[in-house]
Amino acid sequence: MEKHLRQTRKRTLRNRTRRRDMKEAVRAVVEAAQAGNADAVKGSLPQAQQAIDKAARHGIIHPNTAGRRKSRLVARVRRMLEQE
């Protein structure tokens, strides 16, 4: 029982870190798009997609959720950059 609690704590911290990294990468893309900085978007969008895929690969989010998030992120970025 105690070992299970230790393992759960360790996994929770690891998953929390991966989830935070994913969210930060997505936030960087959105902020770059809001600023109208297409070069920054081109650099940060693949990193965000990679972070989302990594979270799905490790079971933090469902693979379908990863696909949906990536699709919506690209659509959102396109809309933001077209407005400017």
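Here is a short report on the structure shown in this document.

Scoring rules and cut-offs
In this convention, every chain numbers its residues from 1, walking through the sequence in written order. Since the coordinates come from a predicted model, pLDDT governs what is reported: local features require at least 70, and pairs of side-chain atoms require 80 or more to be given and counted, while whole-chain, interface and lining totals use all residues. The side-chain quantities take in all heavy atoms of the structure and omit both hydrogens and water. For the purposes of this section, nonpolar cores are sets of buried Ala, Val, Leu, Ile, Met, Phe, Trp, Tyr and Cys residues that join through side-chain atoms within 4.5 Å. Only protein chains enter the accessibility calculation, which uses a 1.4 Å probe; a residue is then buried when its area is under 20% of its type maximum, exposed when over 50%, and partly exposed in between. Here a helix means four or more residues in a row that DSSP labels H or I, a strand means two or more in a row labelled E, and each is numbered from the N terminus. In this analysis, two residues are considered to be in contact whenever any of their non-hydrogen atoms come within 4.5 Å of each other. Note on geometry: axes are lines fitted to C-alpha atoms, helical ones only across the stretch in contact, with angles between N-to-C directions running from 0 to 180 degrees. Geometric relationships in this document are graded by angle, where less than 35 degrees denotes roughly parallel, more than 145 denotes roughly antiparallel, 65 to 115 denotes roughly perpendicular, and other angles denote oblique. Each crossing is labelled by how the near helix is turned from the far one, with a counterclockwise turn of less than a right angle marking it left-handed and a clockwise turn marking it right-handed. Note that Gly is not counted as nonpolar here; it falls among the polar residues with everything else outside the nonpolar set of Ala, Val, Leu, Ile, Met, Phe, Trp, Tyr, Cys and Pro and the charged set of Asp, Glu, Lys and Arg.

### Topic: the nonpolar core
One broad trend across soluble globular proteins is that nonpolar side chains are buried collectively. One finds Met22, Val29, Ile61, Leu73 and Val77 to be the most contacted residues of the largest nonpolar core, which totals 19 residues. At seven residues, helix 2 (residues 38-57) tops the list of elements feeding residues into this core. Other than its neighbours up to four places away in sequence, Ile61 contacts Arg19, Met22, Ile52, Ala55, Ala56, Ala66 and Arg69.

### Examining the packing of helix 2 against helix 3 (residues 63-83)
Put simply, helix 2 and helix 3 touch, their axes get as near as 8 Å, and they point 165° apart. Compared by their axis directions, helix 2 and helix 3 come out roughly antiparallel. Of the two elements, helix 2 crosses helix 3, and the hand of that crossing is right-handed. Contacts from Val41, Leu45, Ala48, Gln49, Ile52, Asp53 and Ala56 in helix 2 reach Pro63, Ala66, Arg69, Lys70, Leu73, Val74, Val77 and Leu81 in helix 3. In the contact of helix 2 with helix 3, the residues fall into 11 nonpolar, one polar and three charged.

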